[in-house]
Structure formats: structure tokens, C-alpha cells
Amino acid sequence: MLPDSPGPSPRTPAEIAATLTAVLPVLLRAADRRVEKEYGHPKPSEGQLALLRLVTEQDGITVRQAAEILLMKPNNVSAMVSQLSGEGLMERRQDPADRRVAHLHSTERARAHSTAVDALFSTYVEEGLRSLGDEDVASIARALPALSALARQVRSAAS
């Protein structure tokens, strides 16, 4: 639960980490709930959306490569691929040179769903940003490069 008033700004790495790990999941869950209410189709899970985005960006990627990038177990990615394939959102095509390897391809329907869900998430965050003062928005904008670097660092350590 987030406090209603932020109080003093966190100053130490431990305070900043605690605040980030409290704030970011709330932001994502709140946006996710709105998508579930307002999106006209069953919304893929966050893991499925991440896989769909990755396959759209890297058409023909293998299950193993996707698992490595998403920091997931290959059998979990394979299960998601089976589910998404059954829903017509992804295609699994065998490699002609090595039939044990499958290449993943998103369908046009999947790309449309991903684009729509991403647009809703962006709209909700944009609405929230518009409700903040200029100084808060500028502070968030200035923090984005550092947040990206932090995400890369934490991800690198998890690989």
C-alpha cells in the first residue's frame, strides 16, 4: 500500500529501492486492472504480452532464445507458445535444417492485440502524468534514463 502523501524524498539507495519496489508494481497493477475492464477481448497475461512483443520485434526467434531474453525457463515459454498458438496469436514453425528447433512468429491478430493493449497502458499513464504538476512530470522525465540503466543492471545481474 502506498502512502497518500509521499513525505520526504528517499535519499539512500535502500530508501529509493524500497520506494521503487512499492510504487512500480502498483502502477502496473492499476493500469492492468483498467485494461482488463476496458479492453474488449481477453487480455493476455503480462508474460504472454512480453513474449508477443519479443516475437514481434524478433520474428523467427527460437523458444530457447526467447526464454533467455525474458529470463524464463524454456518449458514455461514453450507452454505459453502452445497456448498462444491455440488462440491464433502465434505460430511455431519447425526449422528445416533442425526439426528439433522451432521458430516463433506472431500473427497479425497478435500484433493488433499487443498494439491495442500497449496503447491503453500508455494512455492510462499519460492521463496520470497530465494530472501531475509540471515539476513532477519533468522529474519523472529526467529519471527515465537512470531508470533504464537501473533496469539493465538488475536484468544483467539476473541473467
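Predicted model, so just to flag it, every value in this text is computed and none were measured.

S.K.: Just checking my understanding: could you explain the overall build of the chain for this structure?
M.R.: When you go through the chain residue by residue, the secondary structure sums to six helices and two strands. Starting at the N terminus, the α and β elements of the chain follow one another as α-α-α-α-β-β-α-α. Projected onto its principal axes, the C-alpha positions of the chain cover 60 × 35 × 25 Å. Taken across its 159 residues, the chain has 23% of its residues classed as buried. A separation of at least 24 residues holds for 51% of the contacts in the chain among residues at least 6 apart in sequence. For the chain, the computed accessible surface area is about 10900 Å², with 57% contributed by carbon and sulfur atoms. Taking the average place of the 19 positive charges on the side chains of the chain and the average place of its 20 negative ones, the gap between the two points comes to 6 Å.

S.K.: Just checking my understanding: could you explain the nonpolar core for this structure?
M.R.: The nonpolar side chains of soluble globular proteins are, as a tendency, buried together. Core analysis: the largest hydrophobic core is formed by 16 residues, its most contacted members being Leu51, Val77, Met90 and Leu104. The set of elements that each furnish at least two residues to this core consists of α2 (46–57), α3 (63–70) and α4 (74–86). Apart from the residues within four sequence positions on either side, Leu51 is in contact with Ala66, Leu70, Val77, Met80, Val81, Leu84, Met90 and Leu104.

S.K.: Just to check I follow, could you spell out the pattern of salt bridges for this structure?
M.R.: Opposite charge on two side chains makes pairing possible when the charged atoms of those side chains draw close. Taken as a whole and judged by the stated rule, the model has eight salt bridges. Across the pair Glu108 and Arg111 runs a salt bridge, and its minimum N-O distance is 3.1 Å. Highlighted residues: Glu108 and Arg111, both in helix α5 (residues 108–130), separated by three residues, approximately one helical turn. When its relative accessible area of 54% is taken as the criterion, Glu108 is described as exposed. When salt bridges with common partners are traced through the structure, they connect Arg34, Glu38 and Glu127 into a single cluster.

S.K.: How should the environment of Leu52 be read in this particular structure?
M.R.: For Leu52, the position within the fold is in helix α2. Residue Leu52 is classed as buried on the basis of its relative accessible area of 1%. The spatial distance from the C-alpha of Leu52 to the C-alpha of Ala30 is 21 Å, given a sequence separation of 22 residues. Every residue in contact with Leu52, bar those within four places of it in the chain, is listed here: Pro44, Leu84, Leu89, Met90, Ala110 and Ser114.

S.K.: I would appreciate a short explanation of the side chain of Thr62 in the present structure.
M.R.: Locating Thr62 in the fold gives a position in the loop between α2 and α3. Discounting chain neighbours no more than four positions away, the residues touching Thr62 are Val101, Ala102, His103 and Leu104.

Cut-off values and rules
Residues numbered from 1 in each chain as written. Predicted model: local features only at pLDDT ≥ 70, side-chain atom pairs only at ≥ 80, totals over all residues. Heavy atoms only, no water. Helix = DSSP H or I, 4+ residues; strand = E, 2+ residues; numbered from the N terminus. Buried < 20%, exposed > 50% of the residue type's maximum accessible area, 1.4 Å probe, protein only. Contact = heavy atoms within 4.5 Å. Areas by Shrake-Rupley, 256 points an atom, 1.4 Å probe, with all protein chains shown as cover. Lys, Arg positive; Asp, Glu negative; His and termini not counted. Charge placed at Lys NZ, Arg CZ, Asp CG, Glu CD. Core = buried A, V, L, I, M, F, W, Y, C linked by side-chain atoms within 4.5 Å. Salt bridge = Lys/Arg side-chain N within 4 Å of Asp/Glu carboxyl O.

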